[in-house]
Every structure is written in C-alpha cells, then in structure tokens.
Amino acid sequence: MSATGRGGPAQFATADREIVISRVIDAPRELVFEAFTEVRHLSRWWGPEGFTTTTRSFEFRVGGEWNFVMHGPDGTDYTEWISWNEIAPPERIALLHGESRGDPNAFESVLTFEPDGAATRIEMRTVFPTKELRDEVVEKYHAIEGGQQTLSKLAAYVTEVARLGAED
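The present account deals with the structure reproduced in this document. (Residues numbered from 1 in each chain as written. Predicted model: local features only at pLDDT ≥ 70, side-chain atom pairs only at ≥ 80, totals over all residues. Heavy atoms only, no water.)

### Thoughts on the packing of aromatic side chains
Heads up, the condition is: A pair of Phe, Tyr and Trp rings is counted when the ring centres sit within 6.5 Å of each other, with Trp represented by its six-membered ring. The angle between the planes then sorts it: under 30 degrees is stacked, over 60 is edge-to-face, the rest tilted. Every helix listed is a DSSP run of H or I at least four residues long, and every strand listed is a run of E at least two residues long, numbered separately from the N terminus. Buried, partly exposed and exposed residues are distinguished by accessible area as a fraction of the type maximum, computed with a 1.4 Å probe on protein chains only: under 20%, between the cut-offs, and over 50%, respectively.
Scanning all chains against the criterion turns up 14 aromatic pairs. Here the aromatic rings of Phe-51 and Tyr-78 are separated by 6.0 Å at their centres, their planes lie at 40 degrees, and the arrangement is tilted. In this pair, Phe-51 is assigned in the loop between α3 (39-45) and β2 (52-58) and Tyr-78 in strand β4 (residues 77-88), connecting sequence segments 27 residues apart. Here the aromatic rings of Trp-66 and Phe-68 are separated by 3.8 Å at their centres, their planes lie at 25 degrees, and the arrangement is stacked. Residue classification places Trp-66 among the buried residues on the basis of a relative accessible area of 0%. Within the aromatic cluster, the residues linked to one another by ring pairs are Phe-33, Phe-36, Trp-45, Trp-46, Phe-58, Phe-60, Trp-66, Phe-68, Trp-84 and Phe-113.

### Remarks on helix α5 (residues 143-167)
This is how the line gets drawn: Here a helix's expected span is defined as the number of its residues, less one, multiplied by 1.5 Å. It only takes one pair of heavy atoms within 4.5 Å for two residues to be counted as in contact.
Look at α5: 36 Å from first C-alpha to last across 25 residues, which is about the 36 Å you get at 1.5 Å a residue. Buried residues in α5 make contact with β1 (18-25), α2 (29-34), α3 and β7 (119-127).

### Overview of the pattern of salt bridges
The test is simple: Each salt bridge in this description consists of a side-chain nitrogen of Lys or Arg and a carboxyl oxygen of Asp or Glu lying within 4 Å of one another.
By the definition in use, this model includes 10 salt bridges. One salt-bridge network, in which partners are shared between bridges, spans Glu-18, Glu-123 and Arg-125.

Remember that the coordinates give geometry; whether it matters functionally is a separate question.
And the structure:
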C-alpha cells in the first residue's frame, strides 16, 4: 500500500502517539453528543473518578474555548483549556486540549458518536505531539484509565438523564 492510501498509512503514522478509548452508552446519540455541548452537562460528569470540574469560561463553537479547572481527589487543581476545531452534530467533535492556549504539549482529540441500535458508540481518539508525551501521560497520569473512567461517568450521567426524560 502506498503512503498516500486511504486512511491506513496516516493511522500507522500516529499509532505510537495515540490513545483510543471507546464505549457503548445506553442513550441516544443526540443526548450523548449534547453532554459535550452544554456546560451544565459537562460539570456533572467530566473527568476521572473523584474529580470535579469548575468552568471559568465556555463557548461551544468552532474556534471557541473552554477554560476550566479539574479538582483532583487529593486536592490538586489542574488548569485545563480546550479549543473546538470541528463540530458536526451529532456525529463528531475535534478539539485541541492543553493546560492553556499555546501549550506546546497540547494534544488533539477526535470524538465520534455512532448509533448502535438505541445506544451510542463513542470513540475518543487522542493524538499527542510525541510518543514520549503519550507514554508520559499513560504512565504518570494514568490517561487510559482516566479516559475510561470519564466515559463511564458520562455513560452513568446520560443514562440517568435518558431514564428521567422517559418518565416525563
């Protein structure tokens, strides 16, 4: 296969710099997508187990930014920044995530939302600037477990929202 083939070679080019996490969530795609678009939702589920989130500013649009602080269970605060690069409701969100604007270690994530019967399969594909940075966040910050916990919190939240909505 040539280096310009469809999708495959680019995938190989980033394989050593990426983390891919997916989960099927028992809620409609539109609701799962919406959980990423409104700060009232994000503050209820964003982050690994034991973390809470305080939003400083939030503008969900291409070029918009979300500035927030994640509060760790040990009392450590982590300043975070996200810029939205692509928004295709309810299918896809592409973003840049770092500690602040201009962070040289910022990483790109693409979230896809695919229908899976009445449920939604969400995939979070994150590509880091270097293999070393990817390895560091996996080892030092437990990024894979944290991502899985974050999607688990999202699943619990939107499943409850869907259940309550069905009762109305």
